[in-house]
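What the coordinates show
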Amino acid sequence: MSTLSSRERSAKPFELLFDQKQIARKVEELGKRITADYAGQTIVLVGILKGCVVFLSDLMRSIELGAEISFVSAASYRHGTRRDDEIDVLDCLDTPIKGRHVLIVDGIVDSARTVSRIIEVLRKQEPASLEIVTLLDKPASHRSKVQIKYRGFVVGNEFVIGYGLDNMQKYRNLPFVGRLIDR
Ligand code: IMP
Ligand code: MG
């Protein structure tokens, strides 16, 4: 159990986990799979802000299909001693998804509660299909059941930053994925 304050933690350095080449190769591979799986169809990419932004902008360029993009954001609130956070989906979808093939784009899935909540909200709009693509996944941390069809890399129980992912809003613009070092 870390005893660092969030301030101390945000000042910590990081070490490289996935470099630009590894990420580019993986994104290309995911784009190819998606292109093949949805051949002949158009899709709607729904990004989860803000962690999706770098991944989504690279991924969409490696998908050779008609693709629209839209975004949702989610905020979690901790209520007193309740174990579970409540997740509010701030629905800013500007694209009707009824009858469309929808691919949720996330930077990282951790407890999977955010993406589960977003699935619940989007399902009500009756898309033709609904799948998830995430660059990073922490399967050992999942607390909600989700089927992740497309995943880039699996990471353990560590905190990662860069390529869109932040620690206290910092590091999103790093072109690689690093892990914060605990020492
Ligand atoms: P959830 O636990 O799957 O609901 O994830 C909630 C959000 O926490 C993710 O979308 C990320 O924004 C953030 N998050 C979880 N793990 C990490 C991490 O290792 N680095 C940066 N952000 C993370
Ligand atoms: Mg964050």
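In short, a report on the structure. Computed from a predicted model, the values in this text were never measured in an experiment.

**Side note on the overall build of the protein**
A tally of regular secondary structure across the protein gives 4 helices and 9 strands. The order of α-helices and β-strands along the protein, N terminus first, is α-β-α-β-α-β-β-β-α-β-β-β-β. Burial analysis of the protein (183 residues in total) assigns 48% to the buried set. In the protein, 67% of the contacts between residues at least 6 apart in sequence involve partners at least 24 apart. A total accessible area of about 10,100 Å² is found for the protein, and carbon and sulfur atoms account for 49% of it.

**Section: the environment of Ala 112**
Along the chain, Ala 112 turns up in the loop between strand E5 (101–109) and helix H4 (113–123). Considering only alpha carbons, one finds Ala 112 and Lys 138, 26 residues apart in sequence, at a separation of 8.7 Å. If near-sequence neighbours (up to four positions away) are discounted, Ala 112 is found in contact with His 142, Ser 144 and Val 146.

**Comments concerning the packing of aromatic side chains**
Applying the stated criterion to the full structure yields 3 aromatic pairs. Here Phe 14 and Tyr 171 contribute two aromatic rings whose centre-to-centre distance is 5.4 Å and whose plane-to-plane angle is 80°, an arrangement assigned as edge-to-face. With Phe 14 in strand E1 (residues 14–18) and Tyr 171 in the loop between strand E8 (160–161) and strand E9 (177–180), the pair connects residues that are 157 residues apart, well separated along the chain. Since its relative accessible area comes to 14%, Tyr 171 is described here as buried. For the ring pair Phe 14 and Phe 176, a centre distance of 5.9 Å and an interplane angle of 50° mean the geometry is tilted. Residue Phe 14 is located in strand E1, and its partner Phe 176 is located in the loop between E8 and E9; the two are separated by 162 residues in the primary sequence. Residue classification places Phe 14 among the partly exposed positions, given a relative accessible area of 28%. Sitting above the plane of the Phe 153 ring, Lys 26 keeps its charged end 5.1 Å from the centroid.

Rules used in this analysis
- Residues numbered from 1 in each chain as written.
- Chains lettered and ligands numbered in written order.
- Predicted model: local features only at pLDDT ≥ 70, side-chain atom pairs only at ≥ 80, totals over all residues.
- Heavy atoms only, no water.
- Helix = DSSP H or I, 4+ residues; strand = E, 2+ residues; numbered from the N terminus.
- Buried < 20%, exposed > 50% of the residue type's maximum accessible area, 1.4 Å probe, protein only.
- Contact = heavy atoms within 4.5 Å.
- Areas by Shrake-Rupley, 256 points an atom, 1.4 Å probe, with all protein chains shown as cover.
- Phe/Tyr/Trp six-rings, centres within 6.5 Å; stacked < 30°, edge-to-face > 60°.
- Lys NZ or Arg CZ within 6 Å of the ring centre and 35° of its normal.

Keep in mind that these numbers describe shape and distance, not what the molecule does.
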